[in-house]
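Observations on the model geometry
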Amino acid sequence: MATGKITGSAIDYTSLGALTKEQYVPKLVDNIKKKSVLLSRFLGKSKPNASGNQIHQPVEHADSSSIGFYKGYDELNVDPAEFSKSAKYSWAQAYASVSISGYEERVNDNPEKLIDLLGAKMKNAEKSLSKKFSEIMYGIDVDQDNDETDSADVFVSLKDVASQSKTLGGIAPGSNAWWKGAFDTDKDATINAIGSGSYFDNCSTIIDEIFREGWEAMSKDSGDKPSLIVVPQVVFDCYEQHLSDKKRTPTMGAGEMADAGFTAMKYRGVDLVVDPSCPKGEAYFINEEFLRMMHNRKANFTFSGFKNPVTQDAKTGHILWMGQLVCSNRAKAVGRFHGLPQDY
């Protein structure tokens, strides 16, 4: 039975695969979760989902009509009126391949050298997966389509959830007005109308108003509020300049944010965090109560083991992930501003 330890001079790929599963992959997953606040919050809290062709998520779209006050022998309404639907999310799949060619194996002809080589390749896979997931959370990926319909195997991004027109989970907002993002608002014209200053300075004078608009859109009717606001560095600095101009001292973000290496301050008690992967000129208001990551139990950054491709002189293994970002209340989950400053 493989123990994950390599002994002697022979190269045992079963043991090398076990070593990868037991030591390299857990470290890789942990480091990916530390790369951005979104990966930390969503991948870090990802839950397994029951097997099936799709992920089914109940979504409420109306209050129950079978409720009310009554007196004595009043007749009670038991009408089973529909107040919820089921959103159906397709699985998205991601991978990173780790290959050792026959040439690399022969020039690194002892276990110690091969383990060093494997370590370098796993580090590269870690960086590549971190970048891929960091960008895909915002819909930045050339492999994704950009139309307004659901597509199988496409990852659901924050931009998708905030959209006012894109079909999500098989439900089209055109015929279901309640299934739209909290907001998806372009602030270019508003900022340009301020005055003759630079775009950055103009925005800094009204960014508190912009953020207040987003806050109110997320909290109207129910009293819910965002749990996280994510911005690029320039937008963060714009808000910081606004506070400086008003002679107000920023309240720094929660201790765990700083401990994790994230730049953050507080906005109305909620962490306003810099994410280098956040698209320029954008800001995302997120309520994590209505948004969660799901994964398949058999493919949660799972290593397949090394195999011999039929047509190559190599050993190849795959790190496999299968999951999806799932929304249960689109109107409360994500709001997006764009048209904010991209430079100073």
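Above this note sits the structure.
A brief report on the enclosed structure follows. Keep in mind it's a predicted model, so treat the numbers as computed, not measured. (Residues numbered from 1 in each chain as written. Predicted model: local features only at pLDDT ≥ 70, side-chain atom pairs only at ≥ 80, totals over all residues. Heavy atoms only, no water.)

Structurally, Ala333 can be placed in helix α10 (residues 330-333). Assessed through its relative accessible area of 0%, Ala333 is described here as buried. Spatially, the C-alpha atom of Ala333 lies 4.8 Å from that of Asn287, the residues being 46 residues apart in sequence. (Helix = DSSP H or I, 4+ residues; strand = E, 2+ residues; numbered from the N terminus. Buried < 20%, exposed > 50% of the residue type's maximum accessible area, 1.4 Å probe, protein only.)

Okay, the pattern of salt bridges next. Oppositely charged side chains can form a pair if their charged atoms are brought close together. Inspection of the entire model under this criterion finds twelve salt bridges. Residue Lys187 is joined to Glu213 by a salt bridge in which the shortest nitrogen-to-oxygen separation is 2.6 Å. With Lys187 in the loop between β5 (183-186) and α6 (188-192) and Glu213 in helix α7 (residues 199-219), this residue pair connects regions lying 26 residues apart in the sequence. In this structure Lys187 comes out as buried when scored by relative accessible area, which is 7%. For Glu213, a relative accessible area of 34% translates into the label partly exposed. In this structure, Arg336 engages Glu282 in a salt bridge whose closest nitrogen and oxygen atoms are separated by 3.0 Å. Placement of Arg336 in strand β12 (residues 334-338) and of Glu282 in the loop between β8 (270-274) and β9 (283-286) is noted, with a sequence separation of 54 residues between them. (Salt bridge = Lys/Arg side-chain N within 4 Å of Asp/Glu carboxyl O.)

Our next topic: the sheet that holds strand β4 (residues 92-101). Strand order in this open sheet of four strands is β1-β10-β11-β4, and the pairing throughout is mixed. Looking at the sheet topology across the chains shown, the edges are occupied by β1 (47-49) and β4. Averaged over all adjacent pairs, the angle separating strand axes in this sheet is 35°, with direction ignored. Pairing analysis gives ten bridges linking β4 to strand β11 (residues 314-327), with the strands arranged antiparallel. When the sheet's bridge partners are listed, Ala96 is paired in β11 with Ile319. Against the sheet, helix α1 (residues 13-33) engages β4, β10 (291-303) and β11, with an angle of about 160° to β10. Running over the sheet, helix α4 (residues 111-136) touches β4, β10 and β11 and is turned about 155° from β4. (Pairing = 2+ DSSP bridges. Axes fitted to C-alpha atoms, helices over the stretch in contact; angles between N-to-C directions. Contact = heavy atoms within 4.5 Å.)

Bringing unusual backbone geometry into the picture now. For Arg268, which is not a glycine, the phi torsion comes out positive at approximately 55°. Its place among the elements puts Arg268 in the loop between β7 (264-267) and β8. Although it is not a glycine, Phe301 adopts a positive phi angle of roughly 55°. If you trace the backbone, Phe301 turns up in strand β10.

This part covers the packing of α1 against α4. With their axes 10 Å apart at the nearest point, α1 and α4 run at an angle of 35° to one another. For the crossing formed where α1 meets α4, the hand is right-handed. Residues Tyr13, Leu16, Leu19, Thr20, Tyr24, Val25, Leu28, Asn31 and Ile32 of α1 lie in contact with α4, whose contacting residues are Leu114, Ile115, Leu118, Gly119, Met122, Lys123, Ala125, Glu126, Leu129 and Ser130. In terms of residue class, the contact of α1 with α4 is made up of 13 nonpolar, four polar and two charged. (Left-handed = near helix turned anticlockwise from the far one by under 90°. Nonpolar A, V, L, I, M, F, W, Y, C, P; charged D, E, K, R; others polar.)

Nothing here speaks to function; it is geometry throughout.
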